[in-house]
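What follows is the residue order along each chain.
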There are 2 protein chains.
Amino acid sequence: MEYAIELAKKAFEIGEVPVGAVVVQRKSGIIVGEGFNRRECDSDPLAHAEVIAIRKAARKLGSWRLSGCDLYVTLEPCAMCCGAIINSRIERVYFGAYDLNAGCVHSMTDMFVMPFNHKPEAYGGIMEQQCAGLLKDFFAGKR
Amino acid sequence: MEYAIELAKKAFEIGEVPVGAVVVQRKSGIIVGEGFNRRECDSDPLAHAEVIAIRKAARKLGSWRLSGCDLYVTLEPCAMCCGAIINSRIERVYFGAYDLNAGCVHSMTDMFVMPFNHKPEAYGGIMEQQCAGLLKDFFAGKR
């Protein structure tokens, strides 16, 4: 999660909402994918940190199935990212700050308990203060 | 929808689940993005027809906001694609076949009525027989 926070800081530096994500292959402990939010700079509605990290991990591992991989992300995933996590078979999700407006693991709904063909485990509030603090600083600077 | 079906046939030809999608800018009637399912050939869990079409449309229009655009897709969108539709502000979704196992517009849940910051309109069952027939033929050939 510390590295995901470093990635979120990179998003902050380029004026993007500061969210960072990494995909870790559990058995090796190796980071196989990483990303930070680039929605504005790439003009891409899909360019959330999680989606970028998942795409890189799939490319690196040569498969769309990321079984045995975990995702660390500084903000609770939105509906699209929860769907991407389910579709890629990520096993565990660790997130930092809760997103009361769009979070779909706990805040608005829990997509991981719905009867889809894969149900990731999820753990929220990891290093929450640092993750939420970055977001708070970012939006304070926008006012 | 006819063109989306043509795209779905391209997926079929390369051994992918046959789903096709197009994004249309309503005021001009122009197709600004198109895609077909490439999950296996690209080893990319995100490579659903809708995601590819949305990414291309955003690139073409130079914005992640696809307000004023509609999506035509041969199969009811999954959770990830519904999230991508919400995030990209697509206004209307027209889909063909219903997906009882993963569809999130009608079959498993209705993500477009949930209290997200954007609620697309959706219309299902458009040219359903052709859209569903392609999928049926594909899976029959896999047995």
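Given the structure is predicted, the values throughout are model-derived calculations rather than measurements. (Residues numbered from 1 in each chain as written. Chains lettered and ligands numbered in written order. Predicted model: local features only at pLDDT ≥ 70, side-chain atom pairs only at ≥ 80, totals over all residues. Heavy atoms only, no water.)

Asks: What exactly am I supposed to notice about the nonpolar core here?
Replies: With 82 residues, the main nonpolar core has Val23 and Ile90 of chain A together with Val23 and Ile90 of chain B as its most contacted residues. Leaving out residues up to four positions away in the same chain, isoleucine 90 of chain B has contacts with Val23, Ile54, Leu66, Cys69, Asp70, Leu71, Ile85, His118 and Pro120 of chain B. (Core = buried A, V, L, I, M, F, W, Y, C linked by side-chain atoms within 4.5 Å. Buried < 20%, exposed > 50% of the residue type's maximum accessible area, 1.4 Å probe, protein only. Contact = heavy atoms within 4.5 Å.)

Asks: What's the story with the pattern of salt bridges in this structure? I'm lost.
Replies: All names here are of chain A. Taken as a whole, this structure holds 12 salt bridges over all chains when the rule is applied. Between lysine 9 and glutamate 6 there is a salt bridge whose closest N-O contact spans 3.5 Å. Placement of the pair is lysine 9 and glutamate 6 together in helix H1 (residues 2–13), with a separation of 3 residues, close to one helical turn. Residue arginine 26 pairs with glutamate 91 through a salt bridge whose shortest N-O separation is 2.9 Å. Here arginine 26 is found in the loop between strand S1 (20–25) and strand S2 (30–36), whereas its partner glutamate 91 is found in the loop between helix H4 (79–87) and strand S4 (92–97), with 65 residues between them in sequence. A relative accessible area of 29% means that glutamate 91 is categorised as partly exposed. (Salt bridge = Lys/Arg side-chain N within 4 Å of Asp/Glu carboxyl O. Helix = DSSP H or I, 4+ residues; strand = E, 2+ residues; numbered from the N terminus.)

Asks: Which parts of the structure should I look at to understand the relation of the copies chain A and chain B?
Replies: Of the transformation placing chain A onto chain B, the axial shift is 0.0 Å and the rotation is 180 degrees, giving an RMSD of 0.0 Å. Considering both components of the superposition, the chain copies are consistent with a two-fold axis. Looking at the rotation axis and the C-alpha trace of chain A, the residue lying nearest is methionine 80 of chain A, at 2.1 Å. Both copies contact each other with a shared surface, as 100% of the interface residues of chain A are interface residues in chain B too. (Least-squares fit on C-alpha atoms with pLDDT ≥ 70 in both.)

Asks: Whenever I open this one, helix H3 (residues 49–61) of chain B confuses me. Can you help?
Replies: Because an α-helix completes one turn every 3.6 residues, residues spaced three or four positions apart along the sequence face the same direction. With 13 residues, H3 of chain B extends 18 Å from end C-alpha to end C-alpha; this agrees with the ideal 18 Å at 1.5 Å per step. Every buried residue of H3 of chain B is accounted for by Ala49, Glu50, Val51, Ile52, Ala53, Ile54, Arg55, Ala57 and Ala58 of chain B. Close packing links the buried residues of H3 of chain B with helix H3 (49–61) of chain A together with strand S1 (20–25), strand S2 (30–36), strand S3 (69–75) and helix H4 (79–88) of chain B. The positive-phi residue at the C-terminal boundary of H3 of chain B is glycine 62 of chain B, with phi of around 70 degrees. (Expected span 1.5 Å × (residues − 1).)

Asks: Please clarify how the sheet that holds strand S3 (residues 69–75) of chain A should be interpreted in this entry.
Replies: Strands in a sheet are paired, the pairing made by backbone hydrogen bonds, and the direction either parallel or antiparallel. Residues and elements named next belong to chain A. Strand order in this open sheet of 5 strands is S2-S1-S3-S4-S5, and the pairing throughout is mixed. The open sheet has two edge strands with one neighbour each: S2 and strand S5 (121–123). Each adjacent strand pair in this sheet contributes to an overall mean axis angle of 15 degrees, direction not counted. In the sheet, S1 pairs with S3 via 5 bridges, with the strands oriented antiparallel. Paired with alanine 21 across the bridge in S3 is valine 73. (Pairing = 2+ DSSP bridges. Axes fitted to C-alpha atoms, helices over the stretch in contact; angles between N-to-C directions.)

Asks: Explain unusual backbone geometry to me, please; I cannot follow it from the model alone.
Replies: Negative phi is the rule for most residues except glycine; trans is the rule for most peptide bonds. Phi angles above zero are rare outside glycine, and methionine 127 of chain A is one such case at about 50 degrees. Tracing the backbone through its elements, the reader meets methionine 127 of chain A in the loop between S5 and helix H5 (128–142). Given a relative accessible area of 26%, methionine 127 of chain A falls into the partly exposed group. The backbone phi angle of serine 43 of chain B is positive, close to 45 degrees, even though this residue is not glycine. Mapped onto the secondary structure, serine 43 of chain B falls in the loop between helix H2 (39–42) and H3.

Asks: Sorry, what's going on with the interface of chain A and chain B here?
Replies: Where interface size is given, it is often the accessible area lost as the parts come together that is meant. Each partner contributes to the interface: chain A provides 29 residues, whereas chain B provides 29 residues. Summed over the shared surface of chain A and chain B, the number is 2 salt bridges. Across the salt bridge formed by aspartate 44 of chain B and arginine 55 of chain A, the nearest N and O atoms sit 3.5 Å from each other. At the surface where chain A touches chain B, the tally comes to 5 residue pairs in polar contact (both at pLDDT 80 or more). Counting only elements with at least two residues in the side of chain A that touches chain B, the list comes to helix H2 (39–42), H3 and H4 of chain A. Of all the elements, H4 of chain A adds the most residues to the side of chain A that touches chain B, at 5 residues. By residue class, the composition of the side of chain A that touches chain B is 17 nonpolar, 8 polar and 4 charged. (Polar contact = N/O pair within 3.5 Å; in protein donor to acceptor, adjacent residues only side chain to side chain. Nonpolar A, V, L, I, M, F, W, Y, C, P; charged D, E, K, R; others polar.)

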